[in-house]
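One-letter residues, chain by chain:
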Amino acid sequence: MALQTILFDFTLDAEKTATSSQRQDVARVVRNELEHVFSQLELAYSMESLDGGYFAVLHENKETIITCRIFQQGLLTINVEYYLADGKEPLMSFDTMRTMELILRQKLDSDRSKYLPPIKRGGYIDIYMTSSACMYTFSSPKVIASMQNERIIEYDIDTLVYEARSPFQKIQIMHSKTLGNMLILDELQNIAESDLIYTETLMGRGIENYEGKEICILGGGDGALLYELLKEKPKHVVMLEIDELVMQACNKYLNTICGDVLEKRKTEQYEIIVGDCVEYMKKFIADGRKFDYVFGDLTDIPISGAPIGECWDFIRTIFEHSFKLLKPDGKFLTHGNGTSCLESLQLFEDQLRLLKPKVKFTTSKAFVPSFMEEWLFYQVTFA
């Protein structure tokens, strides 16, 4: 049993929501469409807000509550909330939600809209994974996660295995009955025991030849990439990871994907340097050190409309330093984001095209179980 909350957002022409009568017209269109699903809908309350907007509360049999808010700047939000008992069918199916969004988008001449599938509240382990906030409470083995690219995903979490905060980030390891232990950093899913395909696609297993090669990994604190690369008999691997606590947690709770490589910080085959990768890259450049492969196993491509801000600056810094570390025939391998994030992927590729000396790139993709979506990976070489 749980409370179901469904959210709809629409962006309208601000000139069509500027006056009270225009907002009333929008409200009538919304109510007429809602009545196709909620036939006994009644208006409980409405008002013109002080900031020049419109707010209304509607209900069906005082059980389903719908709030509608229209902002004079052109934003419309609709929230549908009701209690769903065990064994009962939801009031709105995914098809119904999608149809309502499309019809309202057309009738309101909206240039942008979206809906979020039911957020289940109460009686769950609820994790809202966004870039800024996280909440969770325990009582039954479920988790709902809102991912960075505006998707809602439900995991079958049954245990919080580990939780700590390092000087750099919040670290959690949770157990999923289907995916195994999952590493979550700052509320974002990173890797799970089920995700060997992620590592294999990142490294191009069966395509790249690492035997006798010198390799640098940027990030990679879960140890999975280092563990799999060592199976390919490279000459030497150096890994630059800033967070010691992440490695300690993964060594204990994710050793199915990292083996015992995080037990030691230096062997004949590899060295793990704990520190800021950018600073060590600068040192390697000054020393004239070169690598056959550099892996960017760091932050995802930001979801944004323009390549500005701290994350994009960091990505450009990594590009600049990585190609100074590569041998002439070397290769930079990294992960991107979900294949549905077309705008952000295009921004990322635009940044690659600006590099000097010029580079060329290919891509590969794989469905990553714990991401529950297809992910894009990049292979970049000098042009």
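All of these numbers come straight from a predicted model, not from anything done at the bench.

Caption draft 1: Structural view of the pattern of salt bridges. Evaluated as defined, the whole model comprises 21 salt bridges. We note a salt bridge from glutamate 101 to arginine 98, for which the minimum N-O separation is 2.5 Å. Of the two residues, glutamate 101 and arginine 98 are both situated in helix H2 (residues 94-107); the distance of 3 residues between them amounts to about one turn of the helix. Overall, glutamate 101 belongs to the buried group, its relative accessible area being 2%. Residue classification places arginine 98 among the partly exposed residues on the basis of a relative accessible area of 38%.

Caption draft 2: Broad picture of the pairing of strand S18 (residues 359-368). With 10 bridges joining them, S18 and strand S19 (residues 373-382) adopt antiparallel strand pairing. Within S19, the position partnered with valine 359 by the bridge is phenylalanine 382.

Caption draft 3: Looking closely at the sheet that holds strand S14 (residues 236-241). Taken together, the 7 strands give an open sheet; going across it, the order is S15-S14-S13-S16-S17-S19-S18, and neighbouring strands pair in mixed fashion. The strands lining the two open edges of the sheet, one partner per strand, are strand S15 (270-274) and S18. Ignoring strand direction, the axes of neighbouring strands in this sheet form an average angle of 15 degrees. Strand contacts of helix H3 (residues 196-203): strand S16 (291-297), strand S17 (326-338), S18 and S19, with the helix running at about 165 degrees to S18, the strand carrying the most contacts. Docked against the sheet, helix H7 (residues 277-287) engages strand S13 (214-219), S14, S15 and S16, running at close to 140 degrees with respect to S14.

Caption draft 4: Quick peek at the confidence of the model for the protein. A residue-level look at the protein finds 91% of positions with pLDDT of 70 or above and a mean pLDDT of 89. Low pLDDT, under 50, characterises residues 123-148; the predicted model gives this stretch 93 contacts beyond four residues in sequence or across chains.

Caption draft 5: Just unusual backbone geometry, in detail. With an omega of 0 degrees, the peptide bond between lysine 356 and proline 357 qualifies as cis. Looking at the secondary structure, you find proline 357 in the loop between helix H9 (342-353) and S18. One non-glycine residue, lysine 62, adopts positive backbone phi at about 55 degrees. Along the chain, the position of lysine 62 falls in the loop between strand S3 (54-60) and strand S4 (64-70). Non-glycine residue methionine 372 carries a positive phi angle of around 55 degrees. Position of methionine 372 among the secondary structure elements: in the loop between S18 and S19. In this structure methionine 372 comes out as partly exposed when scored by relative accessible area, which is 33%.

Caption draft 6: Layout of the UniProt feature "active site" (unreviewed entry) in the protein. Mapped onto this numbering, the UniProt entry gives "active site" (unreviewed entry) at Asp297. Its place among the elements puts aspartate 297 in strand S16. For aspartate 297, the contacting residues outside a window of four places in its chain are Tyr198, Leu202, Leu218, Gly219, Gly220, Leu225 and His335.

Caption draft 7: Structural view of the nonpolar core. Formed by 39 residues in total, the largest nonpolar core has its most connected members in Leu183, Ile217, Leu226 and Phe295. The element that contributes the greatest number of residues to this core is helix H4 (residues 224-230), accounting for 5 residues. Look past the residues within four positions of leucine 226 in its chain and what remains in contact with it is Ile217, Val237, Met239, Val261, Tyr270 and Ile272. One finds Val238, Phe284, Phe291 and Tyr378 within the second-largest nonpolar core, a separate group that totals 29 residues.

Rules used throughout
Residues numbered from 1 in each chain as written. Predicted model: local features only at pLDDT ≥ 70, side-chain atom pairs only at ≥ 80, totals over all residues. Heavy atoms only, no water. Salt bridge = Lys/Arg side-chain N within 4 Å of Asp/Glu carboxyl O. Helix = DSSP H or I, 4+ residues; strand = E, 2+ residues; numbered from the N terminus. Buried < 20%, exposed > 50% of the residue type's maximum accessible area, 1.4 Å probe, protein only. Pairing = 2+ DSSP bridges. Axes fitted to C-alpha atoms, helices over the stretch in contact; angles between N-to-C directions. Contact = heavy atoms within 4.5 Å. pLDDT = per-residue confidence, 0-100. UniProt positions renumbered as here; feature names shortened; annotations may be inferred. Core = buried A, V, L, I, M, F, W, Y, C linked by side-chain atoms within 4.5 Å.

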